[in-house]
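What the coordinates show
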Amino acid sequence: GIQVEQSPPDLILQEGANSTLRCNFSDSVNNLQWFHQNPWGQLINLFYIPSGTKQNGRLSATTVATERYSLLYISSSQTTDSGVYFCAVGDPRSNDYKLSFGAGTTVTVRA
Amino acid sequence: DAGVIQSPRHEVTEMGQEVTLRCKPISGHNSLFWYRQTMMRGLELLIYFNNNVPIDDSGMPEDRFSAKMPNASFSTLKIQPSEPRDSAVYFCASSFTASTEAFFGQGTRLTVV
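Before going into details, it helps to say that this report is about the structure given with it. This one's a predicted model, so the numbers in the text were calculated from it and none came from an experiment.

Attention now moves to the environment of Glu62 of chain B. Position of Glu62 of chain B relative to the elements: it lies in the loop between β6 (53-56) and β7 (65-71). Taking C-alpha positions, Glu62 of chain B is 9.6 Å from Ile79 of chain B, a pair spaced 17 residues apart along the chain.

This is the structure we're talking about:
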């Protein structure tokens, strides 16, 4: 199946810092999502972004489909941003419905 | 809409018992997914329904697992008999169509002792 690699695996930030998370994938995709799994285990939708750039408050994402990567930007981080960030891509061999998740980036924001 | 609703949130059961997990998808969504999350394997798709019909059950680990979707607003995932290695968080997700944005429920944390 499609391979999804996220980096870095862990990130420790001081409150107010900015950061960039990366997702590389092994095949062209029509379905790409970013999720935040909070400390209570809930998977929260951040972006549906198979291509282009989107922004939502302090978060933004860019996917360069032709180069097979996506970036998630966190600006002015807050302690509530802590958790695991997952990139998930739809496997084109399954008509894009089967999401393959990366291993995640664990973000810890310190006050 | 209240989002995808799963129940129970937590389940502790003894090995050999039957376990039933429930899911109510977002109204109007025609695609429903069951995923399992473990430390070893991460998040993996178990089964996918489209318009209440199972389309892909290749991720169901073995015959002890079964899933149904009797109508557009309800699905169940059943494990019978349960084993300790089934302990995991089980998520239900739905989307408007198969490859559009998927929304996840809060998950059911299953512990089999």
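Now that the structure is up, let's keep going.
All right, on to the nonpolar core then. The nonpolar side chains of a soluble globular protein tend to be buried, and buried together. All names here are of chain A. If you look at the biggest cluster of nonpolar residues, it comprises 22 residues, and the most contacted ones within it are Leu21, Leu32, Trp34, Leu72 and Val89. Elements supplying a minimum of two residues to this core: β2 (10-14), β3 (19-25), β4 (32-37), β5 (43-48), β7 (59-64), β8 (69-74), β9 (83-90) and β11 (105-110). If we ignore the near neighbours within four places in the chain, the residues touching Val89 are Ile2, Val4, Phe25, Val29, Asn31, Leu32, Lys98, Leu99 and Ser100.

Here we take up empty space enclosed by the protein. As enumerated under the stated definition, the model contains one cavity of 30 Å³ or more in all. Counted as a void, the largest cavity has a volume near 40 Å³. Asn31, Gln33, Tyr97 and Leu99 of chain A together with Phe33, Tyr35, Ser95, Ala98, Thr100 and Ala102 of chain B together form the lining of the largest cavity.

All names here are of chain B. Only one face of strand β11 (residues 108-112) is covered, namely the one carrying Thr108, Leu110 and Val112; the face carrying Arg109 and Thr111 has none of its residues buried. Bridge count for strand β9 (residues 88-95) against β11 is three bridges, and the pairing is antiparallel. Looking across to β11, one finds that Tyr90 is bridged to Thr108.

So, on to the side chain of Thr63 of chain A. Residues and elements named next belong to chain A. With respect to the element layout, Thr63 can be found in strand β7. Here Thr63 falls in the buried class, since its relative accessible area comes to 5%. Among the polar contacts listed, one links the side chain of Thr63 to the backbone oxygen of Ile49, at a separation of 2.7 Å. For Thr63, the side chain forms a polar contact with the side chain of Ser70, separated by 2.9 Å. In contact with Thr63, not counting residues within four places along its chain, are Phe25, Leu32, Ile49, Pro50, Ser51, Gly52, Tyr69 and Ser70.

What follows concerns the layout of surface pockets. Each pocket or cavity is described by its volume, and for the largest pocket that value is around 940 Å³. Every residue lining the largest pocket is counted, 42 residues in all, and those nearest its centre are Gln37, Thr38, Arg41, Gly42 and Leu43 of chain B. For the lining of the largest pocket, the secondary-structure elements that each account for two or more residues are β9, β10 (99-101) and β11 of chain A together with β4 (31-38), β5 (42-50) and β9 of chain B. Sorting elements by how many residues they give to the lining of the largest pocket places β5 of chain B first, with four residues. Taken together, the residues of the lining of the largest pocket sort by class into 17 nonpolar, 17 polar and eight charged.

All right, on to the interface of chain B and chain A then. Each partner contributes residues to the interface: chain B has 16 residues there, and chain A has 16 residues. At the junction of chain B with chain A, the criterion picks out zero salt bridges. Here the side of chain B that touches chain A is built from residues that sort into ten nonpolar, four polar and two charged.

Residues and elements named next belong to chain A. Across the eight residues of β9, seven count as buried, placing the element largely inside the fold. Sheet analysis places β4 next to β9, joined by six bridges and oriented antiparallel. Bridging from a neighbouring strand, Leu32 pairs with Val89 of β9. As paired strands, β9 and β10 are joined by three bridges and run antiparallel to one another.

Rules used in this analysis
Residues numbered from 1 in each chain as written. Chains lettered and ligands numbered in written order. Predicted model: local features only at pLDDT ≥ 70, side-chain atom pairs only at ≥ 80, totals over all residues. Heavy atoms only, no water. Helix = DSSP H or I, 4+ residues; strand = E, 2+ residues; numbered from the N terminus. Core = buried A, V, L, I, M, F, W, Y, C linked by side-chain atoms within 4.5 Å. Buried < 20%, exposed > 50% of the residue type's maximum accessible area, 1.4 Å probe, protein only. Contact = heavy atoms within 4.5 Å. 1 Å grid on protein atoms, 1.4 Å probe; cavity = no way out; pocket = protein on both sides within 12 Å on 5 of 7 lines; lining within 4 Å. Points joined across faces, edges and corners; volume = space filled by probe spheres on them. Pairing = 2+ DSSP bridges. Polar contact = N/O pair within 3.5 Å; in protein donor to acceptor, adjacent residues only side chain to side chain. Nonpolar A, V, L, I, M, F, W, Y, C, P; charged D, E, K, R; others polar. Salt bridge = Lys/Arg side-chain N within 4 Å of Asp/Glu carboxyl O.

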